[in-house]
Each structure stands twice: as C-alpha cells, then as structure tokens.
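Coordinate inspection notes
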Amino acid sequence: MTVPAESKTYLDLCQKIAELRSAFKTRYQKGIEILDEEIQKRVEENKPLLDIQDLKIEKKLLDEFSRDFLPLLEKHDVFSQEEIRIFLANKEKINLSKLVRSILSKDLHNLRSLSTQYQVGTDFFIFVGLNLSQAVLELCASELKQKVDQENWLKGNCPVCGSYPAIEKLRKDDGKRILRCGFCATEWHHKRIMCPFCGNEDHNSLRYFFIDEGSSTEKSAFRVDVCDKCKRYIKTIDERKLPQSEKPDLYLENLNTIYLDVLAQKDGYKSPTYWMVAPSEDLFV
Ligand SMILES: [Zn+2]
Ligand SMILES: [Zn+2]
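Figured I'd write up the structure that's included with this text.

Conventions adopted
Residues numbered from 1 in each chain as written. Chains lettered and ligands numbered in written order. Predicted model: local features only at pLDDT ≥ 70, side-chain atom pairs only at ≥ 80, totals over all residues. Heavy atoms only, no water. Patch = residues over 30% accessible without salt bridge, like charges linked within 9 Å, V, L, I, M, F, W, Y side chains within 5 Å. Areas by Shrake-Rupley, 256 points an atom, 1.4 Å probe, with all protein chains shown as cover. Salt bridge = Lys/Arg side-chain N within 4 Å of Asp/Glu carboxyl O. Lys, Arg positive; Asp, Glu negative; His and termini not counted. Charge placed at Lys NZ, Arg CZ, Asp CG, Glu CD. Helix = DSSP H or I, 4+ residues; strand = E, 2+ residues; numbered from the N terminus. Core = buried A, V, L, I, M, F, W, Y, C linked by side-chain atoms within 4.5 Å. Buried < 20%, exposed > 50% of the residue type's maximum accessible area, 1.4 Å probe, protein only. Contact = heavy atoms within 4.5 Å. Axes fitted to C-alpha atoms, helices over the stretch in contact; angles between N-to-C directions. Parallel < 35°, antiparallel > 145°, perpendicular 65-115°, else oblique. Left-handed = near helix turned anticlockwise from the far one by under 90°. Nonpolar A, V, L, I, M, F, W, Y, C, P; charged D, E, K, R; others polar.

Brief notes about a negative patch on the surface
- Taken together, the side chains of Asp36, Glu37, Glu38, Asp51, Asp54 and Glu143 present a region of like negative charge at the surface.
- With three residues, the single largest contributor to the negative patch is helix H2 (residues 36–44).
- Mapping Asp51 onto the fold places it in the loop between H2 and helix H3 (59–75).

Topic: the nonpolar core
- The biggest cluster of nonpolar side chains holds 87 residues, and the ones touching the most others in it are Phe69, Leu73 and Phe183.
- Tallying contributions element by element places helix H8 (residues 122–144) first for this core, with 14 residues.
- Setting aside residues up to four positions removed in sequence, Phe183 forms contacts with Ile52, Ile103, Leu104, Leu130, Ser133, Gln134, Leu137, Glu138, Cys161, Ser163, Trp275 and Met276.
- Membership of the second largest hydrophobic core comes to five residues, among which are Cys195, Phe197, Leu206 and Cys227.

Description of the packing of helix H7 (residues 108–118) against H8
- In contact at an axis separation of 8 Å, H7 and H8 are set at 120° when each is read in the N-to-C sense. As judged from the angle between their axes, H7 and H8 are oblique. For H7 against H8, the interelement crossing comes out right-handed. Contacts between H7 and H8 pair Leu108, Leu111, Arg112, Leu114, Ser115 and Tyr118 from the former with Thr122, Phe125 and Ile126 from the latter.
- A breakdown of the residues in the contact of H7 with H8 according to their chemical character gives six nonpolar, two polar and one charged.

Listed below in structure tokens is the structure:
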C-alpha cells in the first residue's frame with residue numbers, strides 16, 4: 001500500500017505524531033547510551049556528535065513511544081487495519097530496535113524481507129521505522145545540540161546526527177539560511193550560496209524557483225532551491241515574507257508543500273530526504 005502523502009488524513013496523522021514526539025521529549029531525558037568523552041572527541045574532530053549507524057537505542061524507549069504511536073495509526077485511515085494488526089501481533093519478533101537500525105543504515109534489504117515475511121507493505125515498515133527513529137533522535141538532539149555551535153557548523157549535514165537537511169528557512173530576524181535535519185530536527189546555519197548536498201558554490205549553477213500566485217505573498221515565501229551540479233533540491237521558507245506573527249513549523253510545512261516537490265522532480269531534480277515526506281520503497285535511497 002502506497003502512503004497517500006498528499007491526503008488530509010495523512011497530514012493529520014503526521015501532525016498528531018509530531019505532537020506526540022514533542023510530549024515525549026518533555027517526559028524523557030536520554031534516549032541512547034553515549035559517553036561524554038566520545039562526544040567530546042567528535043566535537044574536537046569537527047564531526048557530527050552521533051554516528052547513527054552505530055547507535056545503541058534503549059528498547060524501553062521505543063516501546064514507550066510505540067505504545068502511544070501505534071494506536072494513532074489505528075485511528076487514521078492511512079494504512080490498512082490488517083497491516084497494523086499483523087504488525088502489533090508480531091512487534092516483539094519484528095524487533096523495533098532492529099527496525100530503527102534498518103532505517104538509519106538504509107537497509108532496504110531487511111525492510112523487504114520483513115515485508116515478505118509478514119505480508120505487510122515495505123512502505124509501512126519505512127513509515128513506522130522512520131517515525132520511531134525521528135522520535136528517538138529528536139529526544140537525543142534536544143539534549144545534545146547545546147554541545148555544537150549551530151551558528152558556525154556551516155556544513156551540509158546535521159551537526160548532531162550527520163543526516164541531510166529535509167527543509168530550510170531564511171530566518172526572519174536576519175535572513176540567515178537555516179537548515180533543518182530530517183531525522184533529529186536540529187537546525188543549523190549554512191552558507192547562503194552553497195549546495196548543502198554537494199558543496200557547489202558556483203552561483204551560475206545554483207538557483208531557485210517559486211510559484212507566483214499574483215497577490216498572494218504568502219505563497220512566494222515558499223520556494224525550491226536547486227543545484228544544477230548534483231541535480232538535487234531543497235525547499236526553502238523565506239520567513240521574512242510571512243506575516244510578522246507567523247512562526248512556521250518546518251516539519252509540517254515540509255508535508256504541506258509536496259506540490260513544490262512534484263514541480264522540482266518534474267524538472268529532473270531529486271531530494272535525498274523526500275522519502276521522509278512520502279515514505280516509499282522506491283524513494284528510499
Ligand atoms: Zn540530525
Ligand atoms: Zn549540489
């Protein structure tokens with residue numbers, strides 16, 4: 001079953017999960033076992049704080065999150081009740097920690113074998129694994145991000161978990177370009193004229209487009225930045241073009257602007273994090 005990423009039910013489900021993640025962060029302090037010395041060493045080496053391929057995630061934490069998260073799936077008509085029932089009945093055997101590891105290490109092979117073994121769509125496993133990963137990594141990042149200089153990291157990948165950004169904004173106060181991680185939600189500053197994916201700084205091959213809807217300034221606050229060198233794109237929200245009081249939630253705006261992904265992809269550009277918006281086997285790269 002393909003995830004209907006543009007449906008209202010799907011958006012509603014994602015919003016509810018986002019609220020759950022946020023409540024989860026206030027309830028728990030630590031999500032992973034990691035030594036301070038290890039973190040310190042990585043800071044000195046100018047590396048992201050976590051090696052997500054090698055995380056030891058507490059099973060208890062995944063169980064706690066899924067206790068509230070899985071019932072949300074039952075309430076929203078995004079996946080079939082049969083898929084959810086099979087998943088719940090085999091949760092222990094499927095092993096949530098292993099599922100999260102498959103997502104973080106992009107192990108499509110394991111996701112496909114789960115799908116064959118349980119007769120549940122690969123997209124379902126991707127969606128569940130992604131949401132569990134995001135919950136745990138956001139929790140870790142809320143504690144760890146004080147240890148990195150988010151204003152001076154300037155790299156294309158996340159200073160906390162090393163992943164690519166899912167979306168970015170031009171900050172209201174100073175117009176600075178702020179990238180947001182698709183996994184752990186950390187935000188960091190990046191150069192204005194530089195592709196976050198390949199490091200290209202040639203302004204002739206970096207450009208952006210937006211949909212001009214005449215009088216609607218709000219629409220033009222949303223644009224797509226593309227790189228003609230690596231043919232990848234990222235969506236950007238120019239906060240300065242939004243009404244003063246409006247503070248966009250980048251996670252939700254990313255889901256709300258799939259029409260821009262469609263346009264960028266039609267022009268031949270790709271996003272390494274689009275699978276997070278529209279979880280699917282074909283996009284999981
Ligand atoms: Zn991150
Ligand atoms: Zn590029």
